[in-house]
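Letter by letter, the chains look like this.
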Amino acid sequence: MTVELDTQLTNKAITEGRLAAIMESVFERIRPEAAHFGAKDGMRTAYVVFDLVNASDIPSVAEPFFQELNARIEFIPVMNLDDVRTGLQNFANAR
């Protein structure tokens, strides 16, 4: 998941000491494998790798960022090596 944070609202959240709490509220639920932070297109950006078990979990992950920080969010499905092996085996079996 890529989370691009609105600069003005994020500045306000930092000043008010709320940014860490917003991030932690989501991260406690999703338990990311990795989270990296930087700048993309001039905006504070988080790159978060986690296991999205059900598509119905998307609102609980995204809404705090949307509502509190006016974020732009992109979910990018990826696989680990075991997933690739399983997928390739499934493809081979379907042929």
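Conventions and cut-offs
- Residues numbered from 1 in each chain as written.
- Predicted model: local features only at pLDDT ≥ 70, side-chain atom pairs only at ≥ 80, totals over all residues.
- Heavy atoms only, no water.
- Helix = DSSP H or I, 4+ residues; strand = E, 2+ residues; numbered from the N terminus.
- Buried < 20%, exposed > 50% of the residue type's maximum accessible area, 1.4 Å probe, protein only.
- Contact = heavy atoms within 4.5 Å.
- Areas by Shrake-Rupley, 256 points an atom, 1.4 Å probe, with all protein chains shown as cover.
- Lys, Arg positive; Asp, Glu negative; His and termini not counted.
- Charge placed at Lys NZ, Arg CZ, Asp CG, Glu CD.
- Core = buried A, V, L, I, M, F, W, Y, C linked by side-chain atoms within 4.5 Å.
- Pairing = 2+ DSSP bridges.
- Expected span 1.5 Å × (residues − 1).
- Arc of directions from axis to C-beta.
- Axes fitted to C-alpha atoms, helices over the stretch in contact; angles between N-to-C directions.
- Parallel < 35°, antiparallel > 145°, perpendicular 65-115°, else oblique.
- Nonpolar A, V, L, I, M, F, W, Y, C, P; charged D, E, K, R; others polar.

J.: Just give me the short version of the overall build of the chain, but keep the residues and values in it.
T.: Looking only at helices and strands, the chain features 4 helices and 4 strands. In the chain, the succession of helices and strands from N to C terminus is β-α-α-β-β-α-β-α. Projected onto its principal axes, the C-alpha coordinates of the chain cover approximately 55 × 25 × 20 Å. Per-residue burial over the chain gives 26% buried out of 95 residues. Partitioning the contacts of the chain with sequence separation of at least 6, the portion at a separation of at least 24 is 63%. For the chain, the computed accessible surface area is about 6,600 Å², with 53% contributed by carbon and sulfur atoms. Of the side-chain charges in the chain, 9 are positive and 14 negative, and the distance between the mean point of each set is 3 Å.

J.: Could you give an account of the nonpolar core, naming the residues involved and the relevant values?
T.: In this structure, Met 1, Val 3, Ile 30, Val 48, Phe 65, Leu 69 and Ile 73 are the most contacted members of the largest nonpolar core, which totals 19 residues. Per-element accounting of this core gives the leading share, 6 residues, to helix α2 (residues 19-30).

J.: So what about the pairing of strand β1 (residues 2-5)? Which residues, and what values?
T.: Residues Thr 2 and Glu 4 of β1 are buried on one face, and the alternating residues Val 3 and Leu 5, pointing to the opposite face, are buried as well. In this sheet, strand β4 (residues 72-74) lies alongside β1 in antiparallel orientation, the contact comprising 3 bridges. Within β4, the residue paired with Glu 4 across the bridge is Arg 72.

J.: Can you lay out the environment of Arg 72 for me, pointing to particular residues and giving the numbers?
T.: With respect to the helices and strands, Arg 72 occurs in strand β4. Setting aside anything within four residues of it in sequence, one finds Arg 72 in contact with Thr 2, Val 3, Glu 4 and Met 43.

J.: So what about helix α3 (residues 58-69)? Which residues, and what values?
T.: With 12 residues, α3 ought to run about 16 Å at 1.5 Å a step, and its terminal C-alpha atoms sit 16 Å apart, in line with that. Listed in full, the buried residues belonging to α3 are Val 61, Ala 62, Pro 64, Phe 65 and Leu 69. Axial view of α3: buried residues confined to an arc of 150 degrees, hence all on one face. In this structure, the buried side of α3 is in contact with β1, α1 (7-15), α2 and β4.

J.: Before we move on, can you summarise the packing of α2 against α3 with the specific residues and values?
T.: Between two packed helices, what matters for the description is the angle formed by their axes and the separation of those axes. It is the contact of α2 with α3, at a shortest axis distance of 9 Å, that shows an interaxial angle of 170 degrees. Between α2 and α3, the crossing angle belongs to the class labelled roughly antiparallel. Counting all contacts with α2, which are made through Leu 19, Ile 22, Met 23, Val 26, Phe 27, Arg 29 and Ile 30, the residues of α3 involved are Ser 60, Val 61, Pro 64, Phe 65, Glu 68 and Leu 69. Taken together, the residues that form the contact of α2 with α3 break down as 10 nonpolar, 1 polar and 2 charged.

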